[in-house]
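Structural characterization, general
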Amino acid sequence: MHANQNENDLHAIVQTSETLANVFAALGDPTRLKLIAVLCAGGAFSIAQLTANTEISRQGVTKHLQVLADAGVVRDVKLGRERLWQLEPGQIEEAKRTLEMIGRQWDVALTKLKAFAESA
């Protein structure tokens, strides 16, 4: 990989680090990850649907969804008297791209370390 690409990757990570830190923090909770998994199935789900077959209360799910919404990972839409929640894939895609950039940088660092170790 070219040094210029590494610099571009690093710049991109720095530029999005605060936003992505919120995304990773929001995704760091097992309950929120389960909610994301359900929402990834597609469509929009009500709180009642999201709490079905779980032991978490509607208020608990609502709080978790609000954390995810604050991180830009989900959004709600009002349909009549009901709020439906759906995945907002933009931030998750950005997090995925960032992890891929970090992975590329890690690969470069390991290649350099291997070359150094083999030359010694």
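For clarity, every value in this text was computed on a predicted model and none was experimentally measured.

**Observations regarding the side chain of Gln86**
Looking at where Gln86 falls in the secondary structure, it is placed in strand S3 (residues 82-87). Judged by its relative accessible area of 19%, Gln86 is buried. Excluding residues that lie within four positions of it along the chain, Gln86 makes contacts with Leu39, Gly43, Ala44, Val74, Arg75 and Val77.

**Some points on the sheet that holds strand S2 (residues 74-79)**
Read from one edge of the open sheet, three strands run S1-S3-S2, paired in antiparallel fashion. The open sheet has two free edges, formed respectively by strand S1 (45-46) and S2, since each of these has just one partner strand. Pairing geometry for S2 and S3, over six bridges, is antiparallel. Opposite Arg75, over in S3, you have Gln86 as the bridge partner. Contacts from helix H2 (residues 30-40) reach S1, S2 and S3, with the element oriented near 90° to S3.

Each value, and the rule that gives it
- Residues numbered from 1 in each chain as written.
- Predicted model: local features only at pLDDT ≥ 70, side-chain atom pairs only at ≥ 80, totals over all residues.
- Heavy atoms only, no water.
- Helix = DSSP H or I, 4+ residues; strand = E, 2+ residues; numbered from the N terminus.
- Buried < 20%, exposed > 50% of the residue type's maximum accessible area, 1.4 Å probe, protein only.
- Contact = heavy atoms within 4.5 Å.
- Pairing = 2+ DSSP bridges.
- Axes fitted to C-alpha atoms, helices over the stretch in contact; angles between N-to-C directions.

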